[in-house]
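# Summary of the model geometry
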Amino acid sequence: MTVERASSNSAGFNDGDSRVMPAHVGIIMDGNGRWASRHGLPRSVGHERGVEALRRTVKAAQKLDLRYLTVYSFSTENWRRPVSEVTALFSLLKTFVNRDLDRLKNEGVRIRVFGTKEGLPDDVSALLDRAVRETADNTKFNLGIAFNYGGREEISRAARAVALELKAGRIGEEEIDEQLLASKLDTSGFPDPDLIIRTGEERRLSNFLVWQGAYSELVFMDVLWPEFGEDSLHSALETFASRERRFGGLKSGAA
Ligand code: FPP
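Residues numbered from 1 in each chain as written. Predicted model: local features only at pLDDT ≥ 70, side-chain atom pairs only at ≥ 80, totals over all residues. Heavy atoms only, no water.

## Observations concerning the overall build of the protein
- Secondary structure summary: the protein contains 8 helices and 6 strands in total.
- For the protein, the sequential pattern of α-helices and β-strands runs α-β-α-α-β-α-β-α-β-α-α-β-β-α.
- Taking 2.2 N^0.38 as the reference for a compact globule, 255 residues should give roughly 18 Å; the C-alpha atoms of the protein span a radius of gyration of 19 Å, in line with that estimate.
- Along the first, second and third principal axes, the C-alpha set of the protein runs to 55 × 50 × 35 Å.
- Across the 255 residues of the protein, 47% fall into the buried class.
- In the protein, once contacts between residues fewer than 6 apart in sequence are set aside, the share between residues at least 24 apart is 76%.
- Roughly 12900 Å² of accessible area belongs to the protein as shown, and the carbon and sulfur atoms make up 48% of that amount.
- Within the protein, one finds 36 positive and 38 negative side-chain charges whose respective centroids are separated by 3 Å. (Helix = DSSP H or I, 4+ residues; strand = E, 2+ residues; numbered from the N terminus. Rg over C-alpha atoms; globule rule 2.2 N^0.38 Å. Buried < 20%, exposed > 50% of the residue type's maximum accessible area, 1.4 Å probe, protein only. Contact = heavy atoms within 4.5 Å. Areas by Shrake-Rupley, 256 points an atom, 1.4 Å probe, with all protein chains shown as cover. Lys, Arg positive; Asp, Glu negative; His and termini not counted. Charge placed at Lys NZ, Arg CZ, Asp CG, Glu CD.)

## Details of the packing of aromatic side chains
- The tally for this structure, following the rule as stated, stands at 12 aromatic pairs.
- With a centroid separation of 5.9 Å and 80 degrees between ring planes, the pair formed by Tyr72 and Tyr149 is classed as edge-to-face. One end of the pair, Tyr72, is in strand E2 (residues 68-75); the other, Tyr149, is in strand E4 (residues 141-149), and 77 residues separate them in sequence.
- Among the residues examined, Tyr72 registers a relative accessible area of 9% and is labelled buried.
- Summarising the aromatic geometry, the rings of Phe114 and Phe190 are spaced 5.1 Å apart at their centres and angled 90 degrees between planes, so their arrangement reads as edge-to-face. On the criterion of sequence distance, the pair formed by Phe114 in strand E3 (residues 109-114) and Phe190 in the loop between helix H7 (178-183) and strand E5 (195-198) is long-range, its members being 76 residues apart.
- Among the aromatic residues, ring-to-ring pairing joins Phe74, Trp79, Phe90 and Phe147 into one connected group. (Phe/Tyr/Trp six-rings, centres within 6.5 Å; stacked < 30°, edge-to-face > 60°.)

## With respect to the site of the ligand
- Taken together, the neighbourhood of the ligand is formed by 18 residues, with Met29, Gly33, Arg34, Arg43 and Arg81 sitting nearest.
- In this structure, Arg43 approaches the ligand through a side-chain N or O atom, which is 2.9 Å from an oxygen atom.
- Arg81 is positioned such that a nitrogen or oxygen atom in its side chain is 2.7 Å from an oxygen atom of the ligand.
- For the ligand, whose free accessible area comes to 610 Å², the fraction covered by protein is 92%.
- Elements with a minimum of two residues in the shell around the ligand: helix H2 (32-38), helix H3 (43-63) and helix H4 (83-106).
- Per element, the largest residue contribution to the shell around the ligand is 5 residues, and it comes from H3. (Near = heavy atom within 4 Å. Polar contact = N/O pair within 3.5 Å; in protein donor to acceptor, adjacent residues only side chain to side chain.)

What follows is the structure, given as structure tokens:
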């Protein structure tokens, strides 16, 4: 099983076979700060290099015919960082959207934003809305940007939306099931991630896609995010392809 096989997906090879090529990959882009300090640079430079790694990764994913990619860009917990760093991250997001939106639009990329608007500066919020609006008709590649995102916060909002429907009498309590709740999540319309990659030498989910990631394969990589690129993505996909996914069932042929 090689990534060459996966990359020939565009020719129809193994298309849609999630055991070989994931439909949806989520990435926790960790390690910008450590990369910067190891190079004697300010943390903000690490984040800038992080945006370059993001560009490389989107390009590599498009080349592989991946359909869905979600990146964790700012978590609800990141507000605990110094104001200067939070401001720098907002400003990087603005630069990214302003510089890359037209190109992404022309490449058929549909952008979705996951997370809450609460607390975001108006200009950041408006820019995210614009990116979503202007790419809404695209279908070639789906880029999810988890920004001001926390999985538990997202589930709480979904539960609140269900509660409001119940209160209004639009649904009965017997209709509340996994499917209904999932339809109220920000990620509705995206398949659950087959694979979640975390860079940066840590081994945890940090509140990323906690509902959706129930059966995701997890690949932890020691590479720091600014160093991530096409080769690292291929390596993660190779690892994914070598895993057997059972979704709580038995090993194939074991019954
Ligand atoms: C984790 O590194 C990374 C983040 C908190 C932000 C991720 C952001 C980017 C890759 C760039 C911004 C992208 C967009 C679309 C705006 P860290 O700072 O926690 O690294 P450390 O653990 O080494 O300190």
